[in-house]
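Reading the structure
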Amino acid sequence: GPVGPGRYMGQTGVPTPDAQSGYTYAVAVPADGSRVYVGGNFIDMGGQGGMVVLDAITGAPLPQQWTVERPVNDLEVWPGDGTTVFAATGGPGGRIYAFRPSVPTRPLWKAAVDGDAMGVAASNTTVFLAGHYDFIIPKKSTCYQYCPEGTERRHLAAFEADTGMLDPWNPKADTSTGPYTAAVDGDHVFVGG
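Everything numeric here is computed off the predicted structure, so don't read it as measured data.

What about the pattern of salt bridges?
- Applying the stated criterion to the full structure yields two salt bridges.
- Residues Arg100 and Asp81 are paired through a salt bridge, measuring 3.4 Å at the closest nitrogen-oxygen approach. Placement of the pair is Arg100 in the loop between strand S8 (94-99) and strand S9 (109-113) and Asp81 in the loop between strand S6 (72-77) and strand S7 (85-89), with a sequence separation of 19 residues.

Rendered as structure tokens:
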């Protein structure tokens, strides 16, 4: 559907209805090609903010939608099942969400970080998150910006794709703000930005 006015603004992702329409930052298509996942900083695309699920043939929003309501910076379909989609988000602290069509009312799992989650990539077993964060925020914490009580992961983290359990993989990106994008190929993770 058409994009309505307004977008999520700045590093905190404040919804601003009177701003220009937002942008699309990411598109992902599951293996069966039945739908298109669209992510961005829009607050109204087909009535959805941050992410909308469209019918691949008609382009119309599907009845099944997840509520994200924060800017979605990247999307990746999990090659492990061809249907689960991972969303890297910004806003007041970043998030990674795992959405599966067979669980239409909530994320399969999610994790929070203390800065924008910018890029996501997945192998058959693991999902990698790149971004502008230093710590994984503990569940039930209200911290969202610089949260040293969390588990240190400097700009890069890995999670078990099916459960969201934090992986012991812990490289430290040597940039001040962190990478913007990631890709997986065989036994390697590539990051940039």
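Next comes the rest of the account.
Some details on the packing of aromatic side chains
- The full count for this structure, using the stated rule, is eight aromatic pairs.
- Ring geometry for Phe86 against Trp109: centres 5.9 Å apart, planes inclined by 45 degrees, an arrangement best described as tilted. Of this pair, Phe86 sits in strand S7 while Trp109 sits in strand S9, placing them 23 residues apart in sequence.
- Accessibility expressed as a relative area gives 0% for Phe86, which makes it buried.
- By relative accessible area, which is 6% here, Trp109 ends up buried.
- Between Phe135 and Tyr146, the aromatic rings sit 5.8 Å apart at their centres with planes inclined by 80 degrees, giving edge-to-face as the arrangement. Linking Phe135 in strand S12 (residues 135-137) with Tyr146 in the loop between S12 and strand S13 (151-152), this pair joins segments that are 11 residues apart in sequence.
- With relative accessibility at 11%, the residue Phe135 sits in the buried group.
- By relative accessible area, which is 55% here, Tyr146 ends up exposed.
- Among the aromatic side chains, those forming a connected cluster through ring pairs are Tyr37, Trp66, Tyr97 and Phe99.

Quick look at the sheet that holds strand S3 (residues 24-28)
- Taken in spatial order, the three strands line up as S3-S4-S5 in an open sheet, and their pairing is antiparallel. Each of the sheet's edge strands pairs with one partner strand only, and the pair in question is S3 and strand S5 (51-55). Here the average twist between neighbouring strands, direction ignored, is 25 degrees.
- As paired elements, strand S4 (residues 35-40) and S5 share five bridges and run antiparallel to each other.

Concerning the state of the cysteines
- Applying the stated rule across the entire model yields one disulfide.
- The disulfide bridge from Cys143 ends at Cys147, spanning 2.0 Å between sulfur atoms. Around the S-S axis, the bridge from Cys143 to Cys147 shows a dihedral of about -100 degrees and counts as left-handed.

Reading guide: rules and limits
- Residues numbered from 1 in each chain as written.
- Predicted model: local features only at pLDDT ≥ 70, side-chain atom pairs only at ≥ 80, totals over all residues.
- Heavy atoms only, no water.
- Salt bridge = Lys/Arg side-chain N within 4 Å of Asp/Glu carboxyl O.
- Helix = DSSP H or I, 4+ residues; strand = E, 2+ residues; numbered from the N terminus.
- Phe/Tyr/Trp six-rings, centres within 6.5 Å; stacked < 30°, edge-to-face > 60°.
- Buried < 20%, exposed > 50% of the residue type's maximum accessible area, 1.4 Å probe, protein only.
- Pairing = 2+ DSSP bridges.
- Axes fitted to C-alpha atoms, helices over the stretch in contact; angles between N-to-C directions.
- Disulfide = S-S within 2.5 Å.

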